Each structure stands twice: as C-alpha cells, then as structure tokens.
Amino acid sequence: NPGIGGPVPGGAIGSYRNLERLYLGFNNLTGTLPPEITGLPRLQMLEVMGNSLFGTIPQSIFEGSPALRWLSLALNDFTGTIP
C-alpha cells in the first residue's frame, strides 16, 4: 500500500538544494509537478512513475537541474516533450 498521497510537496522538496535523488514512484500522488522541483541544481535522478500526475512536462526541469541523468515519468498523464 503506497504511503504518500496528494500533491507533490513542492515547498518541502525545494528547500533541499543538495538533493541528488528523489524517488516518489508508485504512490498516490496527484496534480502537477511543482515549480520547486525544477530548481534543484544537484538533482541526478527524479522518479515519479506510477502516480496520478498530469500536465505539461516542465522544460525548466532540464535547465534548473543540470546534473539530471535519470527521469522517469511513465504511468502518469504528462504531455509535452523531453529535449
């Protein structure tokens, strides 16, 4: 049984500027990816697979997280392209 539900907690995540890996896969997360998630300069891995997230893939995630090497958005309802 997944342990996290509701929107992605952007304010809390955005305060961890040295965060390198964020695994939120297969929970009950809803809504869009918050803007705070796109400004983590050391983020190398972002996994949100298997939730109920939607919206446009924020292009700023690729600019604000230059260390990003792994991005998993599958099994959600995102639109847009990945550069």
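Cut-off values and rules
Residues numbered from 1 in each chain as written. Predicted model: local features only at pLDDT ≥ 70, side-chain atom pairs only at ≥ 80, totals over all residues. Heavy atoms only, no water. Core = buried A, V, L, I, M, F, W, Y, C linked by side-chain atoms within 4.5 Å. Buried < 20%, exposed > 50% of the residue type's maximum accessible area, 1.4 Å probe, protein only. Contact = heavy atoms within 4.5 Å. Helix = DSSP H or I, 4+ residues; strand = E, 2+ residues; numbered from the N terminus. Pairing = 2+ DSSP bridges. Axes fitted to C-alpha atoms, helices over the stretch in contact; angles between N-to-C directions. Patch = residues over 30% accessible without salt bridge, like charges linked within 9 Å, V, L, I, M, F, W, Y side chains within 5 Å. Areas by Shrake-Rupley, 256 points an atom, 1.4 Å probe, with all protein chains shown as cover. Salt bridge = Lys/Arg side-chain N within 4 Å of Asp/Glu carboxyl O.

Draft legend 1. Up close: the nonpolar core. Judged by nonpolar contacts, the single largest core of 17 residues is most densely connected at Ile37, Leu46 and Val48. Among residues more than four places away in sequence, those in contact with Leu46 are Leu22, Ile37, Ile61, Leu68, Trp70, Leu71 and Ser72.

Draft legend 2. Representation of the environment of Asp77. With respect to the secondary-structure elements, Asp77 resides in strand β7 (residues 77-79). Counting along the chain gives 26 residues from Asp77 to Asn51, while the straight-line C-alpha distance between them is 8.9 Å.

Draft legend 3. Highlighting the pairing of strand β5 (residues 52-56). Pairing analysis gives 2 bridges linking strand β3 (residues 28-31) to β5, with the strands arranged parallel. Bridge pairing in β5 links Gly31 to Leu53. As defined by bridge partners, β5 adjoins β7 across 3 bridges and the pair is classed as parallel. Bridge pairing in β7 links Thr56 to Thr79.

Draft legend 4. The pairing of β3, seen in detail. Sheet analysis places strand β1 (residues 5-7) next to β3, joined by 3 bridges and oriented parallel. Each bridged residue has a counterpart across the sheet, and for Gly5 the counterpart in β3 is Asn28.

Draft legend 5. Representation of the sheet that holds β7 in the model. One open sheet holds the 4 strands; their spatial order is β1-β3-β5-β7, and the pairing between them is parallel. If you trace the sheet from one side to the other, it starts and ends with β1 and β7, each paired once. Pairs of neighbouring strands in the sheet enclose a mean axial angle of 20°, with direction left out of account.

Draft legend 6. The arrangement of a nonpolar patch on the surface in detail. Taken together, the side chains of Tyr23, Phe26 and Leu75 make up a nonpolar region of the molecular surface, amounting to roughly 350 Å² of accessible area. Following the sequence through the fold, Leu75 ends up in the loop between β6 (70-72) and β7. The class for Leu75 is exposed, based on a relative accessible area of 59%.

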